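Next come the chains, spelled out residue by residue.
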Amino acid sequence: MESYLQQLKSLQAAESAIVLGNPTADLDSVVSALILAFYSTKSGKPAIAVINIPRSELRLRSDVTTWLKENNIDPELLCFRDDIDLHTLAAQEQLHLTLVDHNELPADDEHLEPFVDRIVDHHKTSDTLRKPADAVIELVGSCCTLVAEHSISHLDEQCARLLYGTILVDTACLDESAGRTTAKDKEIVEKLEAIMHADTSQRSEIFNKLQGFKFDLSALTVEEILSKDMKEVTSHSSRILCPSVLTSPESFFARPDVIQQLEHLLSDANAKMMVLLFIHLENGSPVRHLAIYDPEDWMKDEVLSVLLSGSRLHHLTNSLSHSLPILAGIIP
């Protein structure tokens, strides 16, 4: 892996596949893109793994940086979105794009869609998705499960461990009650354990370690915490910011000047409201809380009523992403 990372800068983008992770650049996205590009290059098909955020934002993802370092990978050697100009490659018709851990491009990149010739992903697809001939889309718990399945006969211990920890995080340590685990996730984890010469006792140890990395926000400012996983809902005249915050509400609101920071972010984004989903650990299990910041008393009661009705509460407490279409349907 180190030799691949060392030669990344010398690979010619126009002659290589660009393996692009999703814009959240979470652990699953980063590891999936890295492993897929590494083994493609090793097999004689040069590929560049591109982390789909600016280089400066990687520090916000403490679980990613720490897990890479624990597996002897220097994050500074990675290629980031601001290191490579995909739009120029597309304009020159020299772009060969592989999407990993997502299957559709965001609005800013949608003109790159004709250059997508491969997809490896574990999310649901829209009815309008144009699937390339080489598309592996399967609703498993982690995209790393699909990447590991593709590369299983070639994996070394370092890459197996990277994939292993990521799958455990995405599947809540293969906990079926969390609703994120499939038979294939379990099968791949067992195969990775064989490569690692590990047993099942390591699962909880690695999972808890990675959870600790993920929830360590001590080095981040309020703005960085909110920006770490920020989504938004827009209409023709309104915008709602929707950050997921990996700490308890009590810990977050105890920070100095937090309300001023919220107001500043809303003003900068020209947004009217913020819906915050707090996720923190209690006795090793995730606990979720919802908060709405609506300084002008715009429509918090309507939003709260809709979000907490019926099965929507279940979806909300699993992921804020499920609630974005709901919010989009009610804001003016």
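Residues numbered from 1 in each chain as written. Predicted model: local features only at pLDDT ≥ 70, side-chain atom pairs only at ≥ 80, totals over all residues. Heavy atoms only, no water.

A.B. asks: I tried to follow unusual backbone geometry on my own but got confused; where do I start?
C.D. replies: Look at Asn72: it is not a glycine, yet its phi comes out positive at around 60°. Inspection of the secondary structure assignment puts Asn72 in the loop between helix H3 (62-70) and strand S3 (79-80). In this structure Asn72 comes out as exposed when scored by relative accessible area, which is 66%. (Helix = DSSP H or I, 4+ residues; strand = E, 2+ residues; numbered from the N terminus. Buried < 20%, exposed > 50% of the residue type's maximum accessible area, 1.4 Å probe, protein only.)

A.B. asks: Would you mind showing me how to read the sheet that holds strand S6 (residues 134-137) here?
C.D. replies: Whenever strands of a sheet pair, they do so through backbone hydrogen bonds, lying parallel or antiparallel. On the basis of which strands lie adjacent, the open sheet formed by six strands has the order S3-S2-S1-S4-S5-S6 and parallel pairing. Of all strands in the sheet, those with a lone pairing partner are S3 and S6, marking the two edges. Across three bridges, strand S1 (residues 17-20) lies against strand S4 (residues 97-100) in parallel orientation. Directly across from Ile18, in S4, lies its bridge partner Leu97. Each of S1, strand S2 (47-51), S4 and strand S5 (116-121) touches helix H2 (residues 27-42); the most contacted strand, S2, lies at about 170° to it. (Pairing = 2+ DSSP bridges. Contact = heavy atoms within 4.5 Å. Axes fitted to C-alpha atoms, helices over the stretch in contact; angles between N-to-C directions.)

A.B. asks: What is the right way to read the pattern of salt bridges from this model?
C.D. replies: For side chains bearing opposite charge, pairing can occur when the charged atoms are close. Going through the model one piece at a time under the given rule, you end up with 13 salt bridges. A salt bridge links Lys191 to Glu187, with the shortest nitrogen-to-oxygen separation between them at 3.1 Å. Pair noted here: Lys191 and Glu187 are both in helix H7 (residues 183-196), with a separation of four residues, about one helical turn. With relative accessibility at 37%, the residue Lys191 sits in the partly exposed group. On the basis of relative accessible area, Glu187 is assigned to the partly exposed category, the value being 40%. (Salt bridge = Lys/Arg side-chain N within 4 Å of Asp/Glu carboxyl O.)

A.B. asks: Can you walk me through the packing of H2 against helix H5 (residues 143-151) in this structure?
C.D. replies: Each pair of packed helices can be described by the angle between their axes along with the distance between the axes. The contact between H2 and H5 brings their axes to 9 Å, and the two run at 15°. In terms of axis orientation, H2 runs roughly parallel to H5. The handedness of the crossing between H2 and H5 is left-handed. Where H2 approaches H5, its residues Asp28, Val31, Ser32, Ile35, Leu36 and Tyr39 are matched on the opposing element by Cys143, Cys144, Val147, His150 and Ser151. Classifying every residue of the contact of H2 with H5 gives seven nonpolar, three polar and one charged. (Parallel < 35°, antiparallel > 145°, perpendicular 65-115°, else oblique. Left-handed = near helix turned anticlockwise from the far one by under 90°. Nonpolar A, V, L, I, M, F, W, Y, C, P; charged D, E, K, R; others polar.)

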